[in-house]
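Secondary and tertiary structure notes
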Amino acid sequence: MKIIQLYTNSFKGLSQESWMLALVMLINRAGSMVLPFLGVYMTAHLKFSIENTGIVLSFFGIGSVIGSWLGGFITDKIGEYKVQYLSLLLSVPLFCLIPIFKTEIGVAAIILIQSIVSDSFRPANSVAITKYARPENITRAFSLNRMAVNLGCSIGPALGGILSAISYEFLFFTNALAALLAGILYIIFFRKRNKLAKLKSRKVQEAIEIKKENSPYRDGKFLIYCFLCMLFSICFFQLFSTLTIFYKDTAHLSQQNIGYLLGYSGFIVVLLEMGLVQIAEKYLSLARTMFLGTFICGLSYAILGFDYSIITLVISMTLLSVGEIWALPFMSTITALRSGQNNKGAYMGLNGISFSVAFIVTPYLGTLIAEKLGFTVLWIGTGILATLIAIAFYFIVPWMIDEKTEITD
């Protein structure tokens, strides 16, 4: 009963806007089945080499870097409302255009453009979460949003595995439809609320503008923190590139089973995230939570270097899901705590860039190591690197964030 009560309490106190942001994210991500299957799409359908596939996937990361910076910059200028709906609606035709391109250069170009547009959404979305959440509920608001992402991603890859067996084009058109529905729903719900929020905060905003706040690009402690986030992302985001190739080529899973395994990850996160976040907020410091989350993610990859039976694959994915629960939402919370009142977009954008850079490095570096040294070296090396990052987080977080500012319920 205590466990059930803890779980239900984790959802209390969240605003209507937080729930709607999560619903918009759910609809968008339910159709987000493209990214996990891009590597398989290019190697199996377009017949690209593994190395060239890694290079093309890196353009998604380049676009993500540009989009994160651009989204953060524009958000501080025109507001998170316009940035979010423009990103969602402009993504629709771009997803539909992807199947037209068949060469490495063509696919890299359209993925670059699509990534810029799509990832400009992320810093704006993060600012919206902090805008509509109560201060004591920021981490849980981020967790609710991530729960929606993972619920959508548990549906998307499972459906994507089925559709890709019929036609890869279904992946792109379904993603376009989901982005369109998400954009329409967002505009309907937040159009009036955004106007009211502007009117209520106008006097406060005028007072804030008098106070000059530092740029995140001159914040030395935050730059170190973002570098660690980038290293963590290089480890974690192999989930979307080399891990699926490993499942297919080494573990010999079918595309459908790959989709089911990825969907299982989303299911675990949906089931456990809010409760585990609640536990971490009550009993763990930010530093200890980041340490545990990062270390567990590394462990999930390291065990693949010794065995890849179906039981081990499920255990690995379970650990990876638990690890991300105690890492990713708290990274956003730390960023929000570090930022000021009128530069949250820039801070969220810079932190988003740290994740985006990983999308550039991870596909190429991961596929290169796998091809030259083998997956065993890749997975054990990932585990070692993640352990070192976990130790670094343990010391950098208290140094950057005063322990008194940690959010507890």
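Notes on the structure follow. (Residues numbered from 1 in each chain as written. Predicted model: local features only at pLDDT ≥ 70, side-chain atom pairs only at ≥ 80, totals over all residues. Heavy atoms only, no water.)

**Quick look at the environment of G39**
Relative to the elements of secondary structure, G39 occurs in helix 3 (residues 34-45). In sequence terms G39 and I50 are eleven residues apart; their C-alpha atoms lie 8.3 Å from each other. (Helix = DSSP H or I, 4+ residues; strand = E, 2+ residues; numbered from the N terminus.)

**Here's the deal with a nonpolar patch on the surface**
Side chains of L89, L177, L180, L181, I184 and I188 sit close together on the surface and give an oily, nonpolar patch of about 510 Å² of accessible area. For the nonpolar patch, the leading source of residues is helix 9 (residues 169-210), giving five residues. Its location among the elements puts L180 in helix 9. Residue classification places L180 among the partly exposed residues on the basis of a relative accessible area of 33%. (Patch = residues over 30% accessible without salt bridge, like charges linked within 9 Å, V, L, I, M, F, W, Y side chains within 5 Å. Areas by Shrake-Rupley, 256 points an atom, 1.4 Å probe, with all protein chains shown as cover. Salt bridge = Lys/Arg side-chain N within 4 Å of Asp/Glu carboxyl O. Buried < 20%, exposed > 50% of the residue type's maximum accessible area, 1.4 Å probe, protein only.)

**Looking at the side chain of T53**
Summarising the element assignment, T53 is placed in helix 4 (residues 50-78). Given the relative accessible area of 0%, T53 is considered buried. A distance of 2.8 Å separates the side chain of T53 from the backbone oxygen of S49, its partner in a polar contact. If near-sequence neighbours (up to four positions away) are discounted, T53 is found in contact with G39, M42, T43 and F48. (Polar contact = N/O pair within 3.5 Å; in protein donor to acceptor, adjacent residues only side chain to side chain. Contact = heavy atoms within 4.5 Å.)

**Side note on the nonpolar core**
Core analysis: the largest hydrophobic core is formed by 86 residues, its most contacted members being M42, F232, L243, Y247, M331 and F393. Here this core gets eleven residues from one element, more than from any other, and that element is helix 10 (residues 220-236). With residues up to four places along the chain from it excluded, the contact list for L243 reads Q238, Y301, L304, M317 and W379. Residues F11, I138, F142 and M348 belong to the second largest nonpolar core, which totals 29 residues. (Core = buried A, V, L, I, M, F, W, Y, C linked by side-chain atoms within 4.5 Å.)

**A closer look at helix 10**
The first and last C-alpha atoms of helix 10 sit 24 Å apart over 17 residues, in line with the 24 Å expected at 1.5 Å per residue. Buried residues dominate helix 10, accounting for twelve of its 17 residues. Along helix 10, the residues classified as buried are F222, Y225, C226, L228, C229, M230, L231, F232, S233, I234, C235 and F236. Tucked into the core, helix 10 has its buried residues touching helix 13 (286-302), helix 14 (310-325), helix 15 (328-338), helix 16 (344-372) and helix 17 (375-400). (Expected span 1.5 Å × (residues − 1).)

**Regarding the layout of surface pockets**
Its volume calculated, the second largest pocket comes out at about 280 Å³. Considering the residues around the second largest pocket, the lining is formed by 16 residues, among which F73, D76, K77, N343 and A346 are closest to the centre. Among the elements of the structure, helix 4 and helix 16 are those that each provide at least two residues to the lining of the second largest pocket. Per-element tally for the lining of the second largest pocket: the top contributor is helix 4, with six residues. (1 Å grid on protein atoms, 1.4 Å probe; cavity = no way out; pocket = protein on both sides within 12 Å on 5 of 7 lines; lining within 4 Å. Points joined across faces, edges and corners; volume = space filled by probe spheres on them.)

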